[in-house]
Amino acid sequence: MQKINLLFSPDGSRIVFQSQRDGNPEIYVMNTDRSNQTRLTNNPAYDGDPTWGNSPPDADNDNVLDETDNCPTTANADQLDTDSDGQGNACDADDDGDCIQFVNTGT
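Residues numbered from 1 in each chain as written. Predicted model: local features only at pLDDT ≥ 70, side-chain atom pairs only at ≥ 80, totals over all residues. Heavy atoms only, no water.

Quick notes on the environment of Cys 71
Its place among the elements puts Cys 71 in the segment after strand 4 (38-39). On the basis of relative accessible area, Cys 71 is assigned to the buried category, the value being 0%. Along the backbone, Cys 71 and Asp 60 are eleven residues apart, and their C-alpha atoms lie at a distance of 8.7 Å. Other than its neighbours up to four places away in sequence, Cys 71 contacts Asp 60, Asn 76, Gly 88, Ala 90 and Cys 91. (Helix = DSSP H or I, 4+ residues; strand = E, 2+ residues; numbered from the N terminus. Buried < 20%, exposed > 50% of the residue type's maximum accessible area, 1.4 Å probe, protein only. Contact = heavy atoms within 4.5 Å.)

Section: the packing of aromatic side chains
By the definition in use, this model includes one aromatic pair. Residues Phe 17 and Tyr 28 carry aromatic rings whose centres are separated by 5.5 Å and whose planes lie at 15° to one another, so their mutual orientation is stacked. On the criterion of sequence distance, the pair formed by Phe 17 in strand 2 (residues 14-19) and Tyr 28 in strand 3 (residues 26-31) is long-range, its members being eleven residues apart. Residue Phe 17 shares its accessibility class with Tyr 28, and that shared class is buried. (Phe/Tyr/Trp six-rings, centres within 6.5 Å; stacked < 30°, edge-to-face > 60°.)

Concerning the confidence of the model for the chain
In low-pLDDT segments, the atomic positions of the prediction should not be examined closely. On average, the chain scores 83 in pLDDT, and the residues at 70 or more come to 89%. Here strand 1 (residues 6-8) stands out as the element of the chain with the lowest mean pLDDT, 84, in contrast to strand 4, whose mean of 94 is the highest. (pLDDT = per-residue confidence, 0-100.)

Below, the structure is given as structure tokens:
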């Protein structure tokens with residue numbers, strides 16, 4: 001029985017893995033539901049240890065990299081910062097700079 005190392009993509013939608021299903025180590029990718037299995041390599045040399053490229057982190061998935069995101073744990077693609085304090089309105093309890101904090105409780 002062969003050992004298969006699976007590695008999920010950074011967004012969790014795909015899996016890259018090595019398999020010897022044809023008798024030679026090759027690299028494959030597939031969707032997480034196991035559909036769309038595609039062989040990426042095809043040569044007699046060893047193909048193994050697949051990995052995803054190093055993508056810069058974007059913890060809140062708003063397409064703004066954490067290093068420049070003014071609110072890296074809460075999605076805020078518009079980067080709105082009404083009071084210009086460097087903290088985005090999406091995570092700033094005092095977003096207008098009047099020193100009165102407001103937390104939206106949803107009610």
